[in-house]
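Reading the structure
Next come the chains, spelled out residue by residue.
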Amino acid sequence: TRPWSSKEIAIVEALWAKGKNSSEIGYELERTDEDIRQQLEISDTTISDPKIRECERAIIEGLIICDAENFGGAVQISRTSIMPGNYGIPSTCQQVCHFWELPTRIRRRLLSRRAVHDPDGQLGCGPLNLSVMPC
């Protein structure tokens, strides 16, 4: 495939943010669906585009957590605030998948937002503790 220009990269991100799926973006930019998915760092998962977007929204809202210590690396989304451990996980939590089933894009964001609770380093990213509890 041809190299990506910075303008194309910006267009891909903008169209993704507007809700276009990878095949629609590919059609507009005359790129393959796989090219778009690789650029967005979502090619390494079988999770659907809508579920990936739901995870991205939950990260922004602080309503997603990966708790390796208590739930073995399960990634959970809640519409209310959550914290690690059985005490902080509301019954309304929805399990998305395991941490390593997430696309690179979401794993990187979870790590940078410090939304991973893994004090023993079970996930292979080193010991990680939440710095601030979502509210």
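Here the structure is shown first, and the text comes after it.
Position numbers for residues start from 1 in each chain and track the written sequence from start to end. A pLDDT threshold of at least 70 governs which residues receive local features in this predicted model, and a stricter bar of 80 or more applies before side-chain atom pairs are shown or counted, although totals over entire chains, interfaces and linings include all residues. Excluding hydrogens and water, the side-chain values take into account all heavy atoms of the structure.

**A short note on the packing of aromatic side chains**
Pairs were defined over the aromatic rings of Phe, Tyr and Trp, the Trp ring being its six-membered one, requiring ring centres within 6.5 Å. Orientation was assigned from the angle between planes: stacked under 30 degrees, edge-to-face over 60, tilted for the rest. With the rule as written, the count across this model stands at one aromatic pair. Pairing Phe99 with Trp100 gives two aromatic rings, centres 5.1 Å apart and planes at 80 degrees, and the pair type is edge-to-face. One residue, Arg31, lies across the ring of Trp4, its end atom 3.8 Å from the ring centre. By the criterion adopted, a ring carries a charge over it if an Arg CZ or a Lys NZ lies within 6 Å of its centre and within 35 degrees of its normal.

**Description of helix H1 (residues 6-17)**
Starting at the N terminus, helices and strands are each numbered in turn, a helix being any DSSP run of H or I of at least four residues and a strand any DSSP run of E of at least two. Each helix should span, by expectation, one fewer than its residue count multiplied by 1.5 Å. In a regular helix each residue adds 1.5 Å, so twelve residues correspond to 16 Å; H1 covers 17 Å between its end C-alpha atoms and thus fits that length. Working definition: with a 1.4 Å probe on protein chains only, accessible area under 20% of the residue-type maximum means buried, over 50% means exposed, and in between means partly exposed. Here H1 has its buried residues at Glu8, Val12, Leu15 and Trp16. The buried residues of H1 occupy an angular sector of 100 degrees when the element is viewed end-on, so they sit on one face. Among the exposed residues of H1, those oriented more than 90 degrees off its buried face are Ser6, Lys7 and Ala17. Among the structural elements, helix H2 (22-29), helix H3 (33-39), helix H4 (49-61) and helix H6 (104-112) are those in contact with the buried residues of H1. Throughout, the arc means the angular range of directions from the helix axis out to the C-beta atoms. Working rule for contacts: check all heavy atoms of both residues, and any pair within 4.5 Å makes them a contact.

**With respect to the side chain of Asp118**
Looking at the secondary structure, you find Asp118 in the segment after strand S4 (116-117). With no salt bridge to any partner, buried Asp118 finds its closest opposite charge in Arg107, at an N-O distance of 12 Å. Polar contacts, as counted here, are pairs of nitrogen or oxygen atoms within 3.5 Å of one another; within protein the pair requires one atom able to donate a hydrogen and one able to accept it, and residues that are adjacent in sequence qualify only if both atoms are side-chain atoms. Separated by 2.8 Å, the side chain of Asp118 and the backbone nitrogen of Leu123 make a polar contact. Those residues in contact with Asp118 that lie beyond four places of it in its chain are Ala68, Leu123, Gly126, Pro127 and Leu128. For the charge count, each Lys or Arg is scored as positive and each Asp or Glu as negative, with His and the chain ends excluded. The salt bridge criterion pairs a side-chain nitrogen of Lys or Arg with a carboxyl oxygen of Asp or Glu, the two atoms within 4 Å.

**Describing the nonpolar core**
Membership of the largest hydrophobic core comes to 27 residues, with the highest contact counts inside it found for Ile64, Val75, Phe99, Leu102 and Leu110. Elements that contribute at least two residues to this core include exactly H1, H2, H4, strand S1 (64-67), strand S2 (74-77), strand S3 (94-98) and H6. The element that contributes the greatest number of residues to this core is H4, accounting for four residues. Residues belong to one nonpolar core when they are buried, are Ala, Val, Leu, Ile, Met, Phe, Trp, Tyr or Cys, and are joined through side-chain atoms within 4.5 Å.

**Some thoughts on the sheet that holds S2**
By definition, the strands of a sheet pair up through backbone hydrogen bonds, in either a parallel or an antiparallel sense. One requirement defines pairing of two strands: DSSP has to find at least two bridges between them. Spatially, four strands are ordered S3-S2-S1-S4 in an open sheet, and the strand pairing comes out mixed. Strands at the two margins of the open sheet, each flanked by one partner only, are S3 and S4. Note that S1 and S2 share four bridges and pair antiparallel. Within S2, the residue paired with Cys66 across the bridge is Val75.

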